[in-house]
Amino acid sequence: MPREGDRNTDMTIAPERPVTPFEPPAALETAPDLLDLAETVRRNMPGFRPEIIGGTLTVSPPADGQHARSLTGLTLALAALHGKETLVVQGVGLWLPTGTLDHVIPDLAVVDGDFEDHQMPYNCYAPSIFRMVVEITSSNHANDTVVKPRCYAEAEVPVYLIGDRQNREAVLLTDPLEGEYRSRSVYRPGESFTLPESVGAAVELDVDTLLGRS
């Protein structure tokens, strides 16, 4: 098992199914090693983002300036969603129903206004309060475009928006069912698109802002 300071931060434990109805599993109190390792990364490696997906700890390095510009531009574009009913937040953890320890930290999310009343372990929140999650790809491209769509669909997050900088496109995933998004729309630079009203309002976004190129 990796120890603090090891170069390899990936490790796998056998995934388990969540408790129904969804609640923090008792295993958190008896087998906290992987969560403790994630917390060690969080406290001692500022800017690095530890996530546990399918029982595997993944640590993403700090993103670059264009990534930061994308998030700032997107936050400003979503200003109409930041009020009493919904809020636009960054770095808020989402507790997944895919395993007893699984959780992710999307780049940006639109959440219910009372999301702080639904806190889960390790500063994460219940998936039911997330109306939209956004990931801007960086070194974790496969996670954002292949792995996380299944995770967010399993958590029944209504809208997943991907700013795919590698392929220079925006991907809008909606209508989750049984671990898959049934609707997938792709937009290219120079194009714009409208978010579903389920996020709080029918906000129009342009692809260049999402990719940090405006």
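About the cut-offs
- Residues numbered from 1 in each chain as written.
- Predicted model: local features only at pLDDT ≥ 70, side-chain atom pairs only at ≥ 80, totals over all residues.
- Heavy atoms only, no water.
- Pairing = 2+ DSSP bridges.
- Helix = DSSP H or I, 4+ residues; strand = E, 2+ residues; numbered from the N terminus.
- Axes fitted to C-alpha atoms, helices over the stretch in contact; angles between N-to-C directions.
- Core = buried A, V, L, I, M, F, W, Y, C linked by side-chain atoms within 4.5 Å.
- Buried < 20%, exposed > 50% of the residue type's maximum accessible area, 1.4 Å probe, protein only.
- Salt bridge = Lys/Arg side-chain N within 4 Å of Asp/Glu carboxyl O.
- Phe/Tyr/Trp six-rings, centres within 6.5 Å; stacked < 30°, edge-to-face > 60°.
- Contact = heavy atoms within 4.5 Å.

Peer 1: So what exactly am I meant to see when it comes to the sheet that holds strand β9 (residues 159–164) here?
Peer 2: Strand pairing in a sheet relies on backbone hydrogen bonds, with the paired strands running either antiparallel or parallel. The strand order β3-β6-β8-β9-β10-β11 describes an open sheet built from six strands, whose pairing is mixed. Bordering the open sheet on either side are β3 (86–90) and β11 (180–187), each of which pairs with just one other strand. Adjacent strand axes in the sheet meet at a mean angle of 20° when their direction is disregarded. Judged from the seven bridges that link them, strand β10 (residues 169–177) and β11 form a sheet pairing that is antiparallel.

Peer 1: Looking at this structure, I do not really get the nonpolar core. What am I missing?
Peer 2: Nonpolar side chains in soluble globular proteins tend to be buried together. Judged by nonpolar contacts, the single largest core of 24 residues is most densely connected at Leu94, Val111, Phe115, Phe130, Val133, Tyr152 and Val157. Of all the secondary structure elements, the ones that give two or more residues to this core are β3, β6 (108–112), β8 (130–136), α4 (141–154), β9 and β10. When residues of this core are assigned to their parent elements, the largest contribution, three residues, is made by α4. Formed by 23 residues, the second largest nonpolar core is a distinct cluster that contains Leu71, Leu108, Val199 and Leu210.

Peer 1: For this particular structure, what's the right way to read the pattern of salt bridges?
Peer 2: Close approach of charged atoms allows side chains with opposite charge to pair. Scanning the model with the defined rule gives nine salt bridges in all. As a salt-bridge pair, Lys148 and Glu135 come within 2.9 Å of each other at their nearest N and O atoms. Highlighted residues: Lys148 in helix α4 and Glu135 in strand β8, separated in sequence by 13 residues. As far as burial versus exposure is concerned, Lys148 and Glu135 are alike and both buried. For Glu169, the salt bridge goes to Arg188, with nearest N and O atoms at 2.5 Å. On the criterion of sequence distance, the pair formed by Glu169 in strand β10 and Arg188 in the loop between β11 and β12 (192–194) is long-range, its members being 19 residues apart. Note on Glu169: relative accessible area 9%, which makes it buried. Residue classification places Arg188 among the partly exposed positions, given a relative accessible area of 41%. Residues participating in the shared-partner salt-bridge network are Arg49, Glu51, Asp107, Glu135, Asp144 and Lys148.

Peer 1: Looking at this structure, how should I read the packing of aromatic side chains?
Peer 2: Where two aromatic rings form a pair, the distance of their centres and the angle of their planes describe that pair. Under the counting rule described, the total for this entry stands at four aromatic pairs. With 4.8 Å between their ring centres and 65° between their planes, Tyr152 and Tyr160 make a pair best called edge-to-face. Its relative accessible area of 0% is what places Tyr160 among the buried residues. Here Tyr187 and Phe193 contribute two aromatic rings whose centre-to-centre distance is 4.6 Å and whose plane-to-plane angle is 15°, an arrangement assigned as stacked. Here Tyr187 and Phe193 have matching classes, each one buried. Ring-pair connections join several aromatic residues into one group, and the members of that group are Tyr152, Tyr160 and Tyr181.

Peer 1: Please explain the environment of Thr137 as it appears in this structure.
Peer 2: Residue placement: Thr137 occurs in the loop between β8 and α4. A residue is classified by how much of its surface remains accessible, and Thr137, at 2% relative accessible area, is buried. When the C-alpha positions of Thr137 and Asp164 are compared, they lie 5.4 Å apart, and in sequence the two are 27 residues distant. Not counting the four nearest positions on each side in its chain, Thr137 is found in contact with His67, Asp144, Thr145, Ile162, Gly163, Asp164, Arg165 and Gln166.

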